[in-house]
Amino acid sequence: MRGGGETTDVPAGYRSVRSPAAVWLTLPECAEEIARGETDFLLAGAGPRDKRPGSGRGTLARFRLAGRGVVGKRALHGGLLGRFLGGLYLGRKRGLRQLQLAHRLDRAGLPTPEILAFGWRRSLGVLHAQAIIAREIPRAQNLYEAARENAPWRRRRVILESSGSLVRRMHDAGFVHGDLNVTNLVVGEGPEGDRLHIVDLDRGRFVRRVGSRQRFRNLARLLRSYEKWIAGRWRLTPREEMIFLRGYCGPDRSLLRDLGHRLQSYRRRLGLRRIAWGWSVSAASDEGTPARPQ
């Protein structure tokens, strides 16, 4: 990509628009408001952090754009990079990659919020601030939020089975999520009831074939986040855990036995982590701002 011009790396339908403070790739219906600068606020300042589960690293802004509900978010580094760079990135690859992955997941029939616009502004030499605007999921709840509700058994069963099925379809389509946890599977209202969505794609990747080791590691990461954020207060019953696994494995009983055994073995090795999690989650809950699941 050069300047604010067109690029063959951008999915069809997006156009380049300059606002008072930034350059944006946007769908045409959002172009006029973006050009007036109505979304530039997402790229302003240092990028506040909202560490409640489900918010990721940056604060989610909910507003209306082109007559529809949207969510916007400033991109922020995590870990050590976050301490030094905050919300500054080399070039514009991060946001563009997320746009490409969302487009590819949609073509594969996997539900993920449509990205309406991706913007960037130069901040320091080759470093840029970046922001993404996506269509809002109606009545969105991530799995952490859904677990906190005393939902009827039938709804819990549907969510668990649908979650397992969606992760399986994701793997079968060749996508490995870079941060699969209880906040990145989101329940939304669909025409036929609850519908699961995959979010926070930028660390993911498509591969030719997702092997058994990659599948297990993705599921183990999801189990780890469940053990950290949910199990201490709203633990699933063995029957409910099996519903999720059956959603993932389908009729393959051999895979069900193998994954069940391996995940239980992995869970037993989390003992020391649970002690640390118990302290950090409790402290974070007392402050009202729990840290992001890892």
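These notes cover the structure that comes with them. (Residues numbered from 1 in each chain as written. Predicted model: local features only at pLDDT ≥ 70, side-chain atom pairs only at ≥ 80, totals over all residues. Heavy atoms only, no water.)

### A short note on the overall build of the chain
Then, in step 1: When helices and strands are counted, the chain shows 10 helices and 12 strands.
Then, in step 2: When burial is assessed residue by residue, the chain has 52% of its 294 residues classed as buried.
Then, in step 3: Carbon together with sulfur atoms contributes 50% to the accessible area of the chain, which is approximately 15500 Å² in total. (Helix = DSSP H or I, 4+ residues; strand = E, 2+ residues; numbered from the N terminus. Buried < 20%, exposed > 50% of the residue type's maximum accessible area, 1.4 Å probe, protein only. Areas by Shrake-Rupley, 256 points an atom, 1.4 Å probe, with all protein chains shown as cover.)

### Some words on the pattern of salt bridges
Then, in step 1: Tallied over the full model, the rule gives 18 salt bridges.
Then, in step 2: Close ionic contact of Arg235 with Glu227 constitutes a salt bridge, the shortest N to O distance being 3.2 Å.
Then, in step 3: One salt bridge in this structure joins Glu241 and Arg267, with 2.9 Å as the shortest N-O distance. One end of the pair, Glu241, is in helix α8 (residues 238-249); the other, Arg267, is in helix α9 (residues 253-268), with 26 residues separating them in the sequence. (Salt bridge = Lys/Arg side-chain N within 4 Å of Asp/Glu carboxyl O.)

### Concerning the sheet that holds strand β11 (residues 193-198)
Then, in step 1: One open sheet holds the three strands; their spatial order is β8-β10-β11, and the pairing between them is antiparallel. Single-partner strands in this sheet number two, and they are β8 (141-142) and β11.
Then, in step 2: In this structure, strand β10 (residues 185-190) lies alongside β11, joined through six bridges in antiparallel fashion. In the strand pairing of β11, Glu189 is matched with Asp194. (Pairing = 2+ DSSP bridges.)

### Overview of the environment of Lys73
Then, in step 1: Checked against the element boundaries, Lys73 lands in strand β4 (residues 68-74).
Then, in step 2: Lys73 sits in the partly exposed class, given a relative accessible area of 24%.
Then, in step 3: When the C-alpha positions of Lys73 and Leu42 are compared, they lie 6.5 Å apart, and in sequence the two are 31 residues distant.

### So, the environment of Leu256
Then, in step 1: With respect to the helices, strands and loops of the structure, Leu256 is situated in helix α9.
Then, in step 2: Sequence separation between Leu256 and Met242 is 14 residues; the distance between their C-alpha atoms is 8.9 Å.

### Some remarks on the nonpolar core
Then, in step 1: In terms of nonpolar packing, the biggest core is built from 72 residues, with Trp24, Ile133, Val182 and Leu185 touching the most fellow members.
Then, in step 2: Tallying contributions element by element places helix α6 (residues 212-229) first for this core, with seven residues.
Then, in step 3: With residues up to four places along the chain from it excluded, the contact list for Leu185 reads Gln141, Asn142, Leu143, Ser163, Leu166, Val167, Leu180, Leu196, His197, Ile198 and Leu222. (Core = buried A, V, L, I, M, F, W, Y, C linked by side-chain atoms within 4.5 Å. Contact = heavy atoms within 4.5 Å.)

### Regarding the packing of α6 against α9
Then, in step 1: Interaxial distance between α6 and α9 falls to 10 Å at its minimum, and their mutual angle equals 50°. Between α6 and α9, the interaxial angle falls into the category oblique. The two elements α6 and α9 cross, and the hand of that crossing is right-handed. Contacts between α6 and α9 involve Ser212, Phe216, Leu219, Ala220, Leu223, Arg224, Tyr226 and Glu227 from the first element and Leu259, Arg262, Leu263, Tyr266 and Arg267 from the second.
Then, in step 2: Tallied by class, residues from the contact of α6 with α9 come to eight nonpolar, one polar and four charged. (Axes fitted to C-alpha atoms, helices over the stretch in contact; angles between N-to-C directions. Parallel < 35°, antiparallel > 145°, perpendicular 65-115°, else oblique. Left-handed = near helix turned anticlockwise from the far one by under 90°. Nonpolar A, V, L, I, M, F, W, Y, C, P; charged D, E, K, R; others polar.)

### Here we look at the pairing of strand β2 (residues 23-26)
Then, in step 1: Neither face of β2 is exposed, since Val23 and Leu25 on one face and Trp24 and Thr26 on the opposite face are all buried.
Then, in step 2: In the sheet, strand β1 (residues 15-18) pairs with β2 via four bridges, with the strands oriented antiparallel. When the sheet's bridge partners are listed, Val17 is paired in β2 with Trp24.
Then, in step 3: Linking β1 back to β2 in an antiparallel pair, the connection comprises four residues.

### Points about unusual backbone geometry
Then, in step 1: Residues other than glycine seldom take positive phi values, yet Ala66 does so here, at roughly 55°.
Then, in step 2: Within the element layout of this structure, Ala66 appears in the loop between β3 (60-65) and β4.
Then, in step 3: Residue classification places Ala66 among the partly exposed residues on the basis of a relative accessible area of 27%.
Then, in step 4: Located in the positive-phi region is Arg139, a residue other than glycine, with phi close to 50°.
Then, in step 5: Note on placement: Arg139 falls in the loop between β7 (127-135) and β8.

### Here we look at the packing of aromatic side chains
Then, in step 1: Summed over the entire model, instances satisfying the criterion amount to six aromatic pairs.
Then, in step 2: Here Phe41 and Phe63 contribute two aromatic rings whose centre-to-centre distance is 5.3 Å and whose plane-to-plane angle is 75°, an arrangement assigned as edge-to-face. Here Phe41 is found in the loop between α1 (31-35) and β3, whereas its partner Phe63 is found in strand β3, with 22 residues between them in sequence.
Then, in step 3: Of the residues examined, Phe63 reaches a relative accessible area of 17% and is grouped as buried.
Then, in step 4: Between the aromatic rings of Phe175 and Phe206, the centroid separation amounts to 5.0 Å while the plane-to-plane angle is 55°, which identifies the pairing as tilted. A residue pair is termed long-range when its members are at least 10 positions apart, and Phe175 in strand β9 (residues 175-176) and Phe206 in strand β12 (residues 205-206) qualify at 31 residues.
Then, in step 5: Assessed through its relative accessible area of 0%, Phe175 is described here as buried.
Then, in step 6: By relative accessible area, which is 17% here, Phe206 ends up buried.
Then, in step 7: When the ring centre of Phe206 is taken as origin, the NZ or CZ atom of Arg104, which lies over that ring, is 4.1 Å away.
Then, in step 8: The ring of Tyr248 carries the charged tip of Arg168 above its face, separated from the ring centre by 5.6 Å. (Phe/Tyr/Trp six-rings, centres within 6.5 Å; stacked < 30°, edge-to-face > 60°. Lys NZ or Arg CZ within 6 Å of the ring centre and 35° of its normal.)

Geometric values such as these leave the question of function open.
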